[in-house]
Amino acid sequence: MTQGDGELDGLVRKRIRALRVAQGWSLEELATRAHLSQSSLSRIENGQRRLALDQLVTLARALDTTLDQLVETATDDVVISPTIDSARGQMRWTVKADPGMSVVRQRMTEPPPENPARMRAHPGHEWLVVLSGTAILMLGHNRIRLETNQAAEFPTMMPHAIGADSGPCEVLGIFDRDARRSHQRDGAQDAPE
């Protein structure tokens, strides 16, 4: 990659500097971690030195990121169109950083099932946050009340279900690859239980 590569070149340089600053590192600290001289790193960040692939790999490692993340284009960073399932009242986004993960926003009006036989267990891990209203998370024999802005994280091998408590609620759920697959197999379209 050379200075003539235009927008991508400038974007990569800005990311290197932004990641360094976010870590609270000086030029000297990052240069030491990347086995570069401080002046070389300064020239890379300022566009006065050619970006070489071997240096980008070393810088990505030193910044605890990947080369792909360092050089992806800006338009790749924006999720524009979630999948909308109006019948279930949910929107779903695939998490770009990990295509195996999904984010689902769902409006719920029904309480969770009281019958433990209707709870599900499957491989995976789920995270959820209540956006509005109050949700009830049934987790094994526990009944957990989650108010607006409260969150829960749990392994999905424990029987679980979620629903509304005394009126509608909106929940944002994040599913790892295994949990997502289980929801798809069961025809739930990645919806929280």
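Remember, it's a predicted structure, so these values are computed and weren't measured experimentally. (Residues numbered from 1 in each chain as written. Predicted model: local features only at pLDDT ≥ 70, side-chain atom pairs only at ≥ 80, totals over all residues. Heavy atoms only, no water.)

Draft legend 1. Representation of the overall build of the protein chain within the structure. Check the secondary structure of the protein chain and you find six helices and nine strands. The 193 residues of the protein chain split such that 37% are buried. The contacts in the protein chain between residues at least 6 apart in sequence include a share of 63% that link residues at least 24 apart. As displayed, the protein chain offers around 10800 Å² of accessible surface, 50% of which is attributable to carbon and sulfur atoms. (Helix = DSSP H or I, 4+ residues; strand = E, 2+ residues; numbered from the N terminus. Buried < 20%, exposed > 50% of the residue type's maximum accessible area, 1.4 Å probe, protein only. Contact = heavy atoms within 4.5 Å. Areas by Shrake-Rupley, 256 points an atom, 1.4 Å probe, with all protein chains shown as cover.)

Draft legend 2. Representation of the side chain of T134 within the structure. When you line up the elements, T134 lands in the loop between β4 (125-132) and β5 (135-139). Here E147 takes part through its side chain, which lies 3.0 Å from a polar atom of the side chain of T134. Here T134 is in contact with R145, L146, E147, G163, A164, D165 and C169, once residues within four sequence places are set aside. (Polar contact = N/O pair within 3.5 Å; in protein donor to acceptor, adjacent residues only side chain to side chain.)

Draft legend 3. Inspection of unusual backbone geometry at higher detail. We note that H35 has phi near 55°; this positive angle belongs to a residue other than glycine. Within the fold, H35 resides in the loop between α2 (27-33) and α3 (38-45). With a relative accessible area of 72%, H35 lands in the exposed category. Phi at S166 is positive, roughly 55°, even though this residue is not glycine. Within the element layout of this structure, S166 appears in the loop between β8 (160-164) and β9 (169-175).

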